[in-house]
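Remarks on the overall topology
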Amino acid sequence: MLDRDQVLHVARLARLELSEEEVERMAAELSHVLDHIEKIRELDLEGVAPTSHVIDVVNVLRADEPEPSLPREAVLAAAPEPLMDGFGVPSPGAA
Amino acid sequence: MNELIALSAAEAAERVRAGEIDPGELFDAYRQRAAADDLNAFTWVADEAPRDHDYAHTPLGGVPVAVKDLFCTEGVPSQSGSKILEGYRPPYSATVVRNLAEAGAPLLGKTNQDEFAMGSSNENSAFGPVLNPWDRRRVPGGSSGGSAAAVAAGLAPWAIGTDTGGSIRQPAALCGVVGLKPTYGACSRYGMIAFASSLDQAGPFTRNVTDAALLFRHMVGQDRRDSTSLEFPEPIELPRGEDLKGVRLGIPEELVGADAGVDPGVRASFDETLRLAEELGATLEPCQLPHASHALSAYYLIAPAEASANLARFDGVRYGLREDGASDLTTMYSRTREVGFGPEVQRRIMLGTYALSSGYYDAYYGKAQKVRTKIAEDFRGAFERFDFVITPTSPWTAFELGSKTHDPLAMYLNDFCTVPMSLAGIPAISIPSGLSEGLPVGFQLAGPAFSEPRLLAAAYALEQAIGFDGSPARA
């Protein structure tokens with residue numbers, strides 16, 4: 001059901017660089033799973049409100065008070081390329 | 001076996017509080033067992049407990065807790081079973097972990113899991129599968145397989161895990177321990193590495209129901225860092241009820257009926273549990289959850305959709321793996337994610353991205369969210385007539401390593417009985433009901449939102465009547 005072009009399109013949206021072999025495998029596996037899931041399209045759900053939150057809660061607000069953040073060095077400690085007190089990345093380059 | 005290990009967690013806490021046990025000795029007894037783990041249940045084990053606590057004066061008495069890898073623990077590897085987070089040491093701890101530490105349960109170690117909690121067998125971990133202590137050729141279930149196996153094998157007195165569609169209840173059943181998935185919002189999700197945010201909930205793994213109540217009591221609470229968390233509306237007492245007089249149990253035909261594919265050995269153990277429930281005074285009747293048979297389909301759209309958004313953060317910029325050598329930013333993202341994520345995680349990201357993509361959103365994600373509404377309504381209807389619904393936790397017992405890895409859909413069926421409760425946000429507990437061909441079987445009790453105290457009381461009464469012996473797995 002999912003063809004090669006659709007798989008490549010979704011992989012591009014998801015920022016996943018799939019190999020040729022993975023594109024084929026993914027197309028087959030996703031189609032198999034979607035075939036099963038398709039069953040819910042048979043249900044008549046006209047007028048049913050979609051669930052956005054499962055427990056009844058009211059909006060939660062708090063005062064917007066400044067407080068200290070995590071220390072910069074603690075946050076940068078896990079970065080692959082700490083650079084000039086920030087996160088280094090390759091050039092955005094051509095889109 | 002060391003006599004300290006034979007004590008339940010609640011007993012050990014009481015003995016420490018009474019001054020009869022040294023909390024340091026208790027910690028060391030478990031630390032040694034966890035360090036000698038040959039089930040691959042642990043991904044990291046602590047050297048010692050923090051000494052700045054007077055454990056004899058804490059409610060949890062210094063009884064150490066094993067924590068699923070996906071909980072952030074300050075300065076300690078928190079990898080969510082993924083290569084993309086290998087070696088990551090967060091600068092802060094999850095609220096639930098902090099709550100437990102403050103109540104006197106120090107961190108014993110981090111437990112293995114399916115990558116980003118996506119799996120039902122623990123075979124999707126980047127750090128290798130966990131073995132089931134009842135039979136090492138078999139899986140412990142998943143995704144919290146390490147926590148379940150560690151408690152079953154007595155490598156930890158108790159543990160915490162997370163449940164998105166069954167990831168506490170199913171491994172608890174397959175390993176012969178108690179596992180509670182709380183009401184959505186009972187425990188803060190702050191510091192849990194997110195899988196599907198509208199479903200993820202932390203909960204306890206324990207040897208018995210009393211331990212589960214005690215640990216859960218100290219996990220809950222509203223947290224300003226998670227606006228979906230709620231104050232638990234009543235105190236969580238340790239269960240005492242010895243009978244089920246007046247308790248009405250509904251048996252959902254859609255999950256338990258002949259079409260549900262429940263293994264005969266599981267079915268026999270479940271029927272025996274129903275018989276005991278009746279003996280204890282419960283009334284049993286079939287009930288209907290008309291949309292429950294569509295729960296799995298809705299779940300496998302909603303959870304991957306949310307995962308595809310949550311896992312966008314793993315991009316090789318701020319933490320974790322980066323695949324070097326890319327000449328531009330987008331290529332760096334795509335290569336890092338391709339190398340860092342395992343096959344199941346990639347599959348779910350693809351599925352979720354597809355379900356959310358332009359032109360498909362209404363047909364898939366939108367429709368699934370409507371099914372979710374119907375499932376929640378089904379449960380509300382059932383709870384007008386029944387106090388709880390009761391089902392087997394998993395359709396089958398622990399299966400052999402590798403036996404389901406070739407077919408993603410077959411693996412997803414593990415969640416058949418557990419996913420409906422997740423979609424409805426309601427609490428559910430898995431309790432051992434006995435053995436089938438030497439392997440543990442579990443059953444599941446589920447109740448309305450915030451019914452945990454009553455749920456634990458009913459579970460306790462059944463546990464006493466069943467008298468399951470988990471000690472062979474701790475030998």
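Rules and cut-offs
- Residues numbered from 1 in each chain as written.
- Chains lettered and ligands numbered in written order.
- Predicted model: local features only at pLDDT ≥ 70, side-chain atom pairs only at ≥ 80, totals over all residues.
- Heavy atoms only, no water.
- Helix = DSSP H or I, 4+ residues; strand = E, 2+ residues; numbered from the N terminus.
- Rg over C-alpha atoms; globule rule 2.2 N^0.38 Å.
- Buried < 20%, exposed > 50% of the residue type's maximum accessible area, 1.4 Å probe, protein only.
- Contact = heavy atoms within 4.5 Å.
- Buried area = accessible area lost by both parts, 1.4 Å probe.
- Salt bridge = Lys/Arg side-chain N within 4 Å of Asp/Glu carboxyl O.
- Polar contact = N/O pair within 3.5 Å; in protein donor to acceptor, adjacent residues only side chain to side chain.
- Pairing = 2+ DSSP bridges.
- Axes fitted to C-alpha atoms, helices over the stretch in contact; angles between N-to-C directions.
- Core = buried A, V, L, I, M, F, W, Y, C linked by side-chain atoms within 4.5 Å.
- Lys, Arg positive; Asp, Glu negative; His and termini not counted.
- Patch = residues over 30% accessible without salt bridge, like charges linked within 9 Å, V, L, I, M, F, W, Y side chains within 5 Å.
- Areas by Shrake-Rupley, 256 points an atom, 1.4 Å probe, with all protein chains shown as cover.

Comments concerning the overall build of chain B
- Along the backbone of chain B there are 16 helices and 11 strands.
- Relative to the compact-globule value of 23 Å for 475 residues, chain B shows a C-alpha radius of gyration of 21 Å, a close match.
- With the C-alpha coordinates aligned to their principal axes, the bounding extent of chain B is approximately 70 × 55 × 45 Å.
- Residues classed as buried in chain B amount to 68% of the 475 residues present.

Thoughts on the interface of chain A and chain B
- Listed by partner, the interface residues are 53 residues for chain A and 62 residues for chain B.
- Approximately 5200 Å² of surface area, both sides summed, lies buried where chain A meets chain B, with 69% of it carried by carbon and sulfur atoms.
- By the criterion of area lost to chain B, the three top residues of chain A are A:R15, A:E17 and A:I40, representing 12% of everything that side buries.
- Residue A:E17 is joined to B:R335 by a salt bridge in which the shortest nitrogen-to-oxygen separation is 3.4 Å.
- Summed over the shared surface of chain A and chain B, the number is 17 residue pairs in polar contact (both at pLDDT 80 or more).
- Breaking the side of chain A that touches chain B down by element, the ones donating at least two residues are α1 (4-13), α2 (20-37) and α3 (72-76) of chain A.

Overview of the sheet that holds strand β8 (residues 283-287) of chain B
All names here are of chain B.
- With respect to topology, 11 strands assemble into an open sheet ordered β1-β3-β2-β4-β6-β5-β10-β11-β9-β7-β8, the strand pairing being mixed. Pairing within the sheet leaves two strands with one partner each, and these edge strands are β1 (42-45) and β8. The sheet shows a mean angle of 30° between the axes of neighbouring strands, direction not considered.
- Here strand β2 (residues 65-68) runs beside strand β3 (residues 107-111); their pairing, made up of four bridges, is parallel. Within β3, the residue paired with V65 across the bridge is L107.
- Helix α4 (residues 95-102) rests against β2, β4 (158-163) and β6 (201-206) of the sheet, and its axis sits at about 160° to β4.

Digging into the nonpolar core
Residue and element names in this part refer to chain B.
- Counting 181 residues, the largest nonpolar core has F71, F116, I160 and L445 as its most contacted members.
- Of all the elements, helix α10 (residues 295-310) adds the most residues to this core, at 10 residues.
- Apart from the residues within four sequence positions on either side, F71 is in contact with S78, A94, V96, V97, K110, I160, G161, T162, G191, M192 and A202.

Comments concerning the environment of B:L244
- If you trace the backbone, B:L244 turns up in the loop between α7 (209-217) and β7 (248-252).
- When the C-alpha positions of B:L244 and B:Q369 are compared, they lie 36 Å apart, and in sequence the two are 125 residues distant.

Thoughts on the side chain of B:R207
Residues and elements named next belong to chain B.
- Locating R207 in the fold gives a position in the loop between β6 and α7.
- Here R207 sits buried without a salt bridge, and the closest side chain of opposite charge, D211, lies 6.0 Å off (N-O distance).
- A distance of 3.1 Å separates the side chain of R207 from the backbone oxygen of L7, its partner in a polar contact.
- Polar side-chain contacts of R207 include one of 2.9 Å to the side chain of Y30.
- When sequence neighbours within four positions are dropped, the list of residues in contact with R207 reads I5, A6, L7, S8, Y30, V151, G154, A156, P157, V178, E463 and R474.

Some remarks on the pattern of salt bridges
Residues and elements named next belong to chain B.
- Taken as a whole and judged by the stated rule, the model has 26 salt bridges over all chains.
- Between R138 and D135 there is a salt bridge, with its nearest N and O atoms 2.9 Å apart. Comparing R138 with D135 shows no difference in burial state: the two are buried.
- The shortest N-O distance in the salt bridge between D243 and K245 comes to 3.5 Å.
- Look at D243 and you get partly exposed, because its relative accessible area is 38%.
- Given the relative accessible area of 63%, K245 is considered exposed.

As for the pairing of strand β10 (residues 428-436) of chain B
Residues and elements named next belong to chain B.
- The element β10 is extensively covered by neighbouring structure, given that eight of its nine residues are classed as buried.
- The pairing of β10 with strand β11 (residues 439-446) spans eight bridges and is classified as antiparallel. Paired with A428 across the bridge in β11 is A446.
- Where β10 folds back onto β11 in an antiparallel hairpin, the turn is made up of two residues, including E437, whose phi is positive at roughly 50°.

Brief notes about a nonpolar patch on the surface
- A cluster of nonpolar side chains, contributed by A:L70, A:V75 and A:F87, occupies part of the molecular surface with about 220 Å² of accessible area.
- Tracing the sequence through the fold places A:V75 in helix α3.

Overview of unusual backbone geometry
- The omega torsion of the bond from B:G142 to B:S143 falls at 10°, within 30 degrees of zero and hence cis.
- Here B:S143 is to be found in the loop between β3 and α5 (145-152).
- At A:M84, a position not held by glycine, the phi torsion is positive, near 50°.
- If you trace the backbone, A:M84 turns up in the loop between β1 (82-83) and β2 (86-87).
- For B:S80, which is not a glycine, the phi torsion comes out positive at approximately 50°.
- The residue B:S80 is located in the loop between β2 and α4 in this model.
- When its relative accessible area of 0% is taken as the criterion, B:S80 is described as buried.

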